[in-house]
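What follows is the residue order along each chain.
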Amino acid sequence: MKRMFVGMLATETNTFSPVPAGPNIWKETLLVRRTDPRDQDPPPVRVARALLEKAAAERGWEGAEGLFAFAQPAGPTPRAFYEELRDELLSDLKAAMPVDGVLLMLHGAMVAEGYDDCEGDILTRARELVGPEVPVGAELDLHCHVTDRMVEQATALVG
């Protein structure tokens, strides 16, 4: 049976905003960790999991889930908190391996202190974990910025 890893780390950054996308904004919007009890999932995560499980079952795939994190648009995410979330997502991917594919729900316009291309950073690190043969895809918002780094690291980018 093939195994697909799915995770999310997404926000639309407004670099001009004086309000950083700090931990409180992420926690108030959507922050579901792999180890959180599933019976406490907020409705959007329940719906997403049901759709992903159905699609995987129809194809004979097994799903492996990681972090689901989304923040309402705000200023840049503080560096330490971005790195914490990114590293948690990548740790979840590492725990799920081996995988036959990776699907990351990103945004395409996330900025953190010290990282102008968070999606490129995440995709690069995911690619380093799974190697060149495993497809790595990202779902992006239509307001995204597609960078050369994102294109180089991803097998597919879908808006």
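Just above, that's the structure.
Here we summarise the structure given alongside this text. (Residues numbered from 1 in each chain as written. Predicted model: local features only at pLDDT ≥ 70, side-chain atom pairs only at ≥ 80, totals over all residues. Heavy atoms only, no water.)

## Here we look at the side chain of Arg86
- Position of Arg86 relative to the elements: it lies in helix H3 (residues 79–96).
- Here Arg86 is in contact with Leu9, Tyr115, Asp121, Ile122 and Arg125, once residues within four sequence places are set aside. (Helix = DSSP H or I, 4+ residues; strand = E, 2+ residues; numbered from the N terminus. Contact = heavy atoms within 4.5 Å.)

## Some thoughts on the pairing of strand E3 (residues 61–74)
- Note that strand E1 (residues 2–13) and E3 share 10 bridges and pair parallel. Opposite Leu9, over in E3, you have Ala69 as the bridge partner.
- Across three bridges, the pairing between strand E2 (residues 30–32) and E3 is antiparallel. For Leu31, the partnering residue across the bridge sits in E3 and is Ala69. (Pairing = 2+ DSSP bridges.)

## Let's talk about the environment of Glu113
- Locating Glu113 in the fold gives a position in the loop between strand E4 (101–105) and helix H4 (118–130).
- Assessed through its relative accessible area of 44%, Glu113 is described here as partly exposed.
- Sequence separation of Glu113 and Thr77 is 36 residues, and the distance between their C-alpha atoms is 6.3 Å.
- A polar contact of 3.2 Å, which involves the side chain of Glu113, links it to the backbone nitrogen of Arg79. (Buried < 20%, exposed > 50% of the residue type's maximum accessible area, 1.4 Å probe, protein only. Polar contact = N/O pair within 3.5 Å; in protein donor to acceptor, adjacent residues only side chain to side chain.)

## So, the sheet that holds strand E5 (residues 136–139)
- Strand order across the open sheet formed by six strands is E2-E3-E1-E4-E5-E6, with mixed pairing between neighbours. Edge positions in the open sheet fall to E2 and strand E6 (156–158), since each of these has one partner strand only. Looking at each pair of strands side by side, their axes are set apart by 15° on average, direction ignored. (Axes fitted to C-alpha atoms, helices over the stretch in contact; angles between N-to-C directions.)

## Points about the environment of Glu139
- Within the secondary structure layout, Glu139 lies in strand E5.
- Note on Glu139: relative accessible area 34%, which makes it partly exposed.
- With 81 residues separating them in the primary sequence, Glu139 and Glu58 have C-alpha atoms 20 Å apart.
- Excluding residues that lie within four positions of it along the chain, Glu139 makes contacts with Leu103, Leu104, Met105, Leu106, His107 and Val158.

## Observations regarding the nonpolar core
- One finds Phe5, Leu9, Trp26, Val102 and Leu104 to be the most contacted residues of the largest nonpolar core, which totals 36 residues.
- Those elements that place two or more of their residues in this core are E1, helix H1 (23–29), E3, H3, E4, H4 and E5.
- Counting residues per element, this core draws most heavily on H3, which supplies seven residues.
- When near neighbours in sequence (up to four residues on either side) are disregarded, Leu9 contacts Trp26, Ala69, Tyr82, Leu85, Arg86, Leu89, Met105, Leu106, His107, Met110 and Ile122.
- Within the second largest apolar cluster, eight residues are counted, among which are Ala10, Leu30, Val32 and Met105. (Core = buried A, V, L, I, M, F, W, Y, C linked by side-chain atoms within 4.5 Å.)

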